[in-house]
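For reference, the chains in residue letters:
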Amino acid sequence: MGRGHPRYARYYARVSPALERSLAPHRRALLAGLSGRVVEVGAGNGLNFPHYPPAVTEVLAVEPEPLLRSLAEASAARAAVSIKVVDGVAEDLPAGDASFDAAVTCLVLCTVTDQAGALAELRRVLRPGGELRFLEHVRAESAGRRRVQRVLDATVFPLLVGGCHCGRDTAAAIEAAGFTIGRVKRLGTADTGIPFPSAPQLLGAATSGSAQ
Ligand SMILES: C[S@@+](CC[C@H](N)C(=O)[O-])C[C@H]1O[C@@H](n2cnc3c(N)ncnc32)[C@H](O)[C@@H]1O
């Protein structure tokens, strides 16, 4: 939702913890096996933080929205790993080239203003061979549902849902940015508790080759 959606940020802060019964296992799977330095963009209220494994030495958590960032700071203080929460956007990360072993996006690439720009930044800050872990809701598989998503994205969805788009082809964007998707699992409403049109979700990992 970024800085321009304070009302939705308040709603997300109130409602998102209730979804954790369904989402927490997917957050754990998203982060399992990570180690070293990690950058998480659009960290929200920090719901991923309890799930970082102990081999992670440091997390830089970037969050532009002030209320969510303050909640993320509180979550970071309770976390078992070292997490620094900073203001910023995915399209302009406050980090040096090749400075992270892994990057995490979770329900964020649907909302960033410039998806290609955000992915290029993630690639820049990842070391060659570094991993992008993603849990993102995406474009539906059936033509009918895609049509509904397109109409919603062109009308009310971004206004009602904090700048979010329900029909982005995020897997294609990840590959177009120069990542290679190694593994990916498709999830639906029954897995995450999040209803259509945001139901089709991808949980996966992609590798960054050397930046051109
Ligand atoms: C649906 S919330 C997800 C929050 C969190 N990742 C989670 O899994 O609960 C989307 C988040 O993306 C953030 N966001 C929106 N635009 C952004 C941008 N351009 N760069 C970074 N984060 C952004 C929002 O402020 C919000 O925290």
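Here goes a summary of the coordinates provided. (Residues numbered from 1 in each chain as written. Predicted model: local features only at pLDDT ≥ 70, side-chain atom pairs only at ≥ 80, totals over all residues. Heavy atoms only, no water.)

## Describing the site of the ligand
Going by this rule: Proximity is defined per residue: if any heavy atom of the residue lies within 4 Å of a molecule or strand, that residue is considered near it. We call two N or O atoms a polar contact when they sit within 3.5 Å, provided that within protein one can donate a hydrogen and the other can accept it, with sequence-adjacent residues counted only if both atoms are side-chain atoms. In these tables, accessible area is a Shrake-Rupley quantity obtained with a 1.4 Å probe, and a residue counts as shielded only by the protein chains included in the view. Throughout this entry, Asp, Glu, Lys and Arg are counted as charged residues, while Ala, Val, Leu, Ile, Met, Phe, Trp, Tyr, Cys and Pro are counted as nonpolar. The remaining residues, Gly among them, count as polar.
Near the ligand there are 19 residues, and of these Y12, R27, G42, E63 and C106 occur at the shortest range. Taking Y12, its side chain carries an N or O atom lying 2.6 Å from an oxygen atom of the ligand. Side-chain polar atom of R27 to an oxygen atom of the ligand: 2.8 Å apart, as the coordinates give it. Within the complex, 95% of the 590 Å² of free accessible area of the ligand lies under protein. A per-class count over the shell around the ligand returns 11 nonpolar, four polar and four charged.

## Some words on the pattern of salt bridges
The test is simple: The salt bridge criterion pairs a side-chain nitrogen of Lys or Arg with a carboxyl oxygen of Asp or Glu, the two atoms within 4 Å. A simple rule labels every residue: compare its accessible area, found with a 1.4 Å probe on the protein chains alone, to the largest value its type can have, and call it buried under 20%, exposed over 50%, or partly exposed in between.
For the structure shown, the criterion picks out 10 salt bridges. Close ionic contact of E131 with R133 constitutes a salt bridge, the shortest N to O distance being 3.2 Å. What makes R133 buried here is its relative accessible area of 4%. Linked through salt bridges whose partners overlap, the residues forming this network are D97, E121 and R124.

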